[in-house]
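Residue-level listing of the chains:
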2 protein chains.
Amino acid sequence: MSSGTEIQGGGRALTPQREVVLRVVRESAEHLTAAEIYAAARRIRPSLSYATVYNSLRYLKEAGLVREITFGNGASRYDRETARHDHALCTRCGALLDFDLAETAALMRLAARRSRFKPESIHLTLMGVCPACSAAEQRRTRRKGAR
Amino acid sequence: MSSGTEIQGGGRALTPQREVVLRVVRESAEHLTAAEIYAAARRIRPSLSYATVYNSLRYLKEAGLVREITFGNGASRYDRETARHDHALCTRCGALLDFDLAETAALMRLAARRSRFKPESIHLTLMGVCPACSAAEQRRTRRKGAR
DNA sequence: GTTACTGCAAAGTCTTTGCATGCGG
DNA sequence: CCGCATGCAAAGACTTTGCAGTAAC
């Protein structure tokens, strides 16, 4: 092998457009939505179309270079981290945090046995209140409590 | 308390429409989509509108009488089982199975500590191949293998 | 020359919303 | 009467697709 970001198959692999999309996802610490990726990518390559962003994301996803995360019915977000990991989602502000529990991976076998499914992957999501929102709420409560 | 399915608040609680929607969700062993619920509910009450189905589902969800499940960017499905439980989703046919691992609940505390989120709920989903699809694939492979 | 990606616009899927109507308290 | 839910249609958010043009192999 050669570059580490090479894919085979009939296609043209990493076209300039796909590289821009990949770069945007990789250079962001956040988990961007397609719309955000589109905006950022257009700053680099103004001719880029929405369709190409979606096509590129689908391609990159299938090539294992990015990961798609979906919650609720909102927009998908895209994650540069493709290794298995868990997520915490703030029910107040929507903040999304990556973390990893070794125990989750262990649960996959248990879950497979219980469900009789042939396991492929396992996803754990904690819904809760992030530290920032938690602090903000305590401040509010304290103020209210003083009335 | 009285009937067990009573909610307070300004509103009119369980209107006939909401009861039909609830009944459809409760009487199905499957995890129906809004469209399926709409179709089934209309058979009982033909005047029901799509908007009312969605409004009712939102209401029932907030009242804790049904649970919404979302995967990917497809349609939400609705679950009569509101207690915490895990899901297995077939990547071939989309079949959705409920099961419950006590270990998942235990993971919530670990996840909360790691993420520093105030925990509210935890969701575990196993992606894999359901028994039916698994069997179908083995049949196909065996045939192919014999060529 | 064939294959496949791009870019545009249009269509598609799922969900929510504005508004007039009408029932229930 | 007033408030809220209903029902209709229209709009909204997000994603996919059809098609012509073009670049890669």
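Our subject in this report is the structure included herewith. (Residues numbered from 1 in each chain as written. Chains lettered and ligands numbered in written order. Predicted model: local features only at pLDDT ≥ 70, side-chain atom pairs only at ≥ 80, totals over all residues. Heavy atoms only, no water.)

Examining the relation of the copies chain A and chain B
- Mapping chain A onto chain B calls for a rotation angle of 180 degrees and an axial translation of 0.0 Å; the resulting RMSD is 0.1 Å. Those values place the two copies in the arrangement expected of a two-fold rotation axis. Every residue of chain A has its C-alpha some distance from the rotation axis, and the shortest such distance is that of L124(A), at 2.3 Å. (Least-squares fit on C-alpha atoms with pLDDT ≥ 70 in both.)

Focus: the interface of chain A and chain B
- Tallying the contact residues gives 43 residues for chain A and 43 residues for chain B.
- Taking both sides of the interface into account, the surface hidden between chain A and chain B amounts to around 3400 Å²; carbon and sulfur atoms contribute 64%.
- For the chain A face of the interface with chain B, the top three residues by lost area are F117(A), E120(A) and L126(A), together amounting to 19%.
- At the surface where chain A touches chain B, the tally comes to two salt bridges.
- Across the pair E120(A) and R92(B) runs a salt bridge whose closest N-O atoms are separated by 3.2 Å.
- For the interface between chain A and chain B, the tally reads 20 residue pairs in polar contact (both at pLDDT 80 or more).
- Listing elements by their share of the side of chain A that touches chain B, those giving two or more residues are β4 (86–90), β5 (96–99), α4 (102–115), β6 (118–129) and α5 (131–145) of chain A.
- If you tally residues by element for the side of chain A that touches chain B, the top one is β6(A), at 12 residues.
- Pairing between β6(A) and strand β6 (residues 118–129) of chain B: 11 bridges, direction antiparallel. Paired with I122(A) across the two strands is L126(B), which belongs to β6(B). (Contact = heavy atoms within 4.5 Å. Buried area = accessible area lost by both parts, 1.4 Å probe. Salt bridge = Lys/Arg side-chain N within 4 Å of Asp/Glu carboxyl O. Polar contact = N/O pair within 3.5 Å; in protein donor to acceptor, adjacent residues only side chain to side chain. Helix = DSSP H or I, 4+ residues; strand = E, 2+ residues; numbered from the N terminus. Pairing = 2+ DSSP bridges.)

Some details on the sheet that holds strand β5 (residues 96–99) of chain B
- If you walk across this open sheet you meet the six strands as β5(A)-β4(A)-β6(A)-β6(B)-β4(B)-β5(B), and the pairing is mixed. The open sheet has two free edges, formed respectively by β5 of chain A together with β5 of chain B, since each of these has just one partner strand. Across the sheet, the mean angle from the axis of one strand to that of its neighbour is 25 degrees, orientation sign disregarded.
- Alignment of strand β4 (residues 86–90) of chain B against β5(B), held across four bridges, turns out to be antiparallel. Along β5(B), the bridge assignment pairs D86(B) with F99(B).
- Where α4(A) meets the sheet, it contacts β4 and β6 of chain A together with β4, β5 and β6 of chain B, and its direction lies at approximately 120 degrees from that of β6(A).
- The strands touched by helix α4 (residues 102–115) of chain B are β4, β5 and β6 of chain A together with β4 and β6 of chain B; relative to β6(B), the strand with the most contacts, the crossing angle is about 120 degrees. (Axes fitted to C-alpha atoms, helices over the stretch in contact; angles between N-to-C directions.)

Structural notes on the sheet that holds strand β2 (residues 67–69) of chain A
All names here are of chain A.
- In spatial order, the strands read β1-β3-β2; together these three strands make up an open sheet with antiparallel pairing. A strand with exactly one partner marks an edge of an open sheet, and here the two such strands are β1 (32–33) and β2.
- One ladder, built from three bridges, connects β2 with strand β3 (residues 77–79); its direction is antiparallel. What sits directly across from R67, in β3, is D79.

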